[in-house]
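Listed here are the chains, written in short residue letters.
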Amino acid sequence: MINKNFNICIVTAILLLATMSQSFAADNNYLNMFGGVGAGYYYLYPKDSQIMSFYKGGVTYRGFLGFKAESGLSAIGDISYFSEGNRSSLAPYGTALTIIPITASVAYRFFKDTSFNPYVGAGIGIYNINESDPDFTYLQTTRFGKHIFAGADLYIDRNTIIQAELRQTFIDPVNSSLYYQASFGGLTATVNVAIEWSLAGKRPMTTEEAAAAEQQRIYDENAALRNRLNDINMYYDYHNWNRNIYYRPYNTPDIYINNIVQPTQQQLDEQKAQEAQNKAEQDRKRQEYLDQKQELRQEKKDSLKR
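Definitions and limits used
- Residues numbered from 1 in each chain as written.
- Predicted model: local features only at pLDDT ≥ 70, side-chain atom pairs only at ≥ 80, totals over all residues.
- Heavy atoms only, no water.
- Helix = DSSP H or I, 4+ residues; strand = E, 2+ residues; numbered from the N terminus.
- Buried < 20%, exposed > 50% of the residue type's maximum accessible area, 1.4 Å probe, protein only.
- Contact = heavy atoms within 4.5 Å.
- Areas by Shrake-Rupley, 256 points an atom, 1.4 Å probe, with all protein chains shown as cover.
- Core = buried A, V, L, I, M, F, W, Y, C linked by side-chain atoms within 4.5 Å.
- 1 Å grid on protein atoms, 1.4 Å probe; cavity = no way out; pocket = protein on both sides within 12 Å on 5 of 7 lines; lining within 4 Å.
- Points joined across faces, edges and corners; volume = space filled by probe spheres on them.
- Patch = residues over 30% accessible without salt bridge, like charges linked within 9 Å, V, L, I, M, F, W, Y side chains within 5 Å.
- Salt bridge = Lys/Arg side-chain N within 4 Å of Asp/Glu carboxyl O.
- Phe/Tyr/Trp six-rings, centres within 6.5 Å; stacked < 30°, edge-to-face > 60°.
- Lys, Arg positive; Asp, Glu negative; His and termini not counted.

A. Local environment of the overall build of the chain. Across its full length, the chain holds 5 helices and 8 strands. Reading the secondary structure of the chain in the N-to-C direction produces α-β-β-β-β-β-β-β-β-α-α-α-α. A buried classification covers 36% of the 306 residues belonging to the chain. Sequence-distant contacts in the chain: of pairs separated by 6 or more residues, those separated by 24 or more amount to 66%. As presented, the chain carries roughly 19,000 Å² of accessible surface, and 59% of it is formed by carbon and sulfur atoms.

B. Spotlight on the nonpolar core. Core analysis: the biggest nonpolar cluster contains 22 residues, and Ile51, Tyr55, Leu97, Ile99, Ile129, Tyr179 and Phe184 have the highest contact counts within it. Those elements that place two or more of their residues in this core are strand S1 (31-44), strand S4 (96-109), strand S5 (116-133), strand S6 (136-155) and helix H5 (265-305). Counting residues per element, this core draws most heavily on H5, which supplies 3 residues. Sequence-distant contacts of Phe184, defined by excluding residues within four places in its chain, comprise Tyr42, Leu44, Ile51, Leu97, Ile99, Ile129, Leu139, Ile171, Val174 and Tyr179. By size, the runner-up hydrophobic cluster in this structure holds 9 residues, among which are Phe34, Phe64, Ile76 and Ala107.

C. Representation of empty space enclosed by the protein. This model, assessed by the stated rule, comprises 6 cavities of 30 Å³ or more. Taken as a whole, the largest cavity holds about 190 Å³ of empty space. Along its surface, the largest cavity is lined by 16 residues, and Thr60, Ser80, Pro101, Arg167 and Thr188 are the ones closest to its centre. Breaking the lining of the largest cavity down by element, the ones donating at least two residues are strand S2 (57-69), strand S3 (73-85), S4, strand S7 (160-171) and strand S8 (186-200).

D. Quick peek at unusual backbone geometry. The residue after Tyr45, namely Pro46, is reached through a cis peptide bond having omega 5 degrees. Assignment of secondary structure puts Pro46 in the loop between S1 and S2. Unlike most non-glycine residues, Gln181 shows phi in positive territory, near 50 degrees. Classification of Gln181 as partly exposed rests on a relative accessible area of 32%.

E. Local environment of a nonpolar patch on the surface. Together, Phe116, Leu154, Ile156, Ile162, Val191 and Val193 give the surface a local cluster of nonpolar side chains, amounting to about 530 Å² of exposed area. Within the element layout of this structure, Ile156 appears in the loop between S6 and S7.

F. Local environment of the pattern of salt bridges. A full pass over the atoms with the stated rule returns 15 salt bridges. The partner of Arg62 in a salt bridge is Glu165, with the nearest N and O atoms 3.7 Å apart. On the criterion of sequence distance, the pair formed by Arg62 in strand S2 and Glu165 in strand S7 is long-range, its members being 103 residues apart. We classify Glu165 as buried; its relative accessible area is 8%. As a salt-bridge pair, Glu288 and Arg284 come within 2.6 Å of each other at their nearest N and O atoms. Remark: Arg284 and Glu288 occur in helix H5; sequence separation between them is 4 residues, near one turn of the helix. The exposure class assigned to Glu288 is partly exposed, which follows from its relative accessible area of 31%. Take Arg284: its relative accessible area is 39%, and that puts it in the partly exposed class.

G. Spatial organisation of the packing of aromatic side chains. Scanning the model with the defined rule gives 9 aromatic pairs in all. With centroids separated by 5.0 Å and ring planes inclined at 50 degrees, the aromatic side chains of Tyr42 and Phe82 adopt a geometry described as tilted. Of this pair, Tyr42 sits in strand S1 while Phe82 sits in strand S3, and the two are 40 residues apart along the sequence. Overall, Phe82 belongs to the buried group, its relative accessible area being 2%. Pairing Tyr179 with Phe184 gives two aromatic rings, centres 5.6 Å apart and planes at 75 degrees, and the pair type is edge-to-face.

H. Broad picture of the side chain of Lys285. Looking at the element boundaries, Lys285 is found in helix H5. For the buried Lys285, no salt bridge is present, and the opposite-charge side chain at shortest range is Glu281, 5.3 Å distant. Every residue in contact with Lys285, bar those within four places of it in the chain, is listed here: Ser89, Leu90, Ala91 and Pro92.

Following this line, the structure appears as structure tokens:
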């Protein structure tokens, strides 16, 4: 099933790129490529009774690459990473939930050649979900999902974009020995930084871009004079006079290495005893956590059968 869904993602992306290329060839329009990175907050929503006591949301990171046609249509592929530590004091130390989505999307931007450009879109993807502590895995699965989103591009210059986006994700329910019809979907708000460049054709300049280009031209004309002034200032800067002087530390590294205190046998025994105690406590908490998850799973299963 997962392979089938993954193939759907690939075929959709290929068909979209073919349509965009055909449109470009017919109308002689421009075709741009863009890519960037971003960060934001992933909020688990709608809330699932099996999850809400342990996880609420956390920081997520994103990288993306896409194509944009003059028509306003764009195709985007991206990969994200979300990880949140378990919020319950009952959970073993180090327990965390990780979700890694790999998605393909289609978006439409409403305006042409403007510094501010809102957009909407939708897409599909594969979601890798993992819940584990350092010694035990509670959940390891891959699910198909869908998403819708809205956002806006703000052009800082002709090639640099600040992007804000709000996305709602719908992930297929998860069934396992510890979860029943569990929802790991959520609402994501991200801020991204992207670079855009031309693949074919030439996009006309906006009024703001034309003014910025003229300022850049004037700036470049004066670059030689500024560099000469910088050379003069560096020549008279006293920090550059004694470049061959270097300093040694007061003590050599051997002094610190030789003065390291070696632990006694009693301290080593106490350390081993403490490690054994910590492991026993971790095992106890893990069993309690497993029992609680089994209870929540059964409660939801009973409620859906009523």
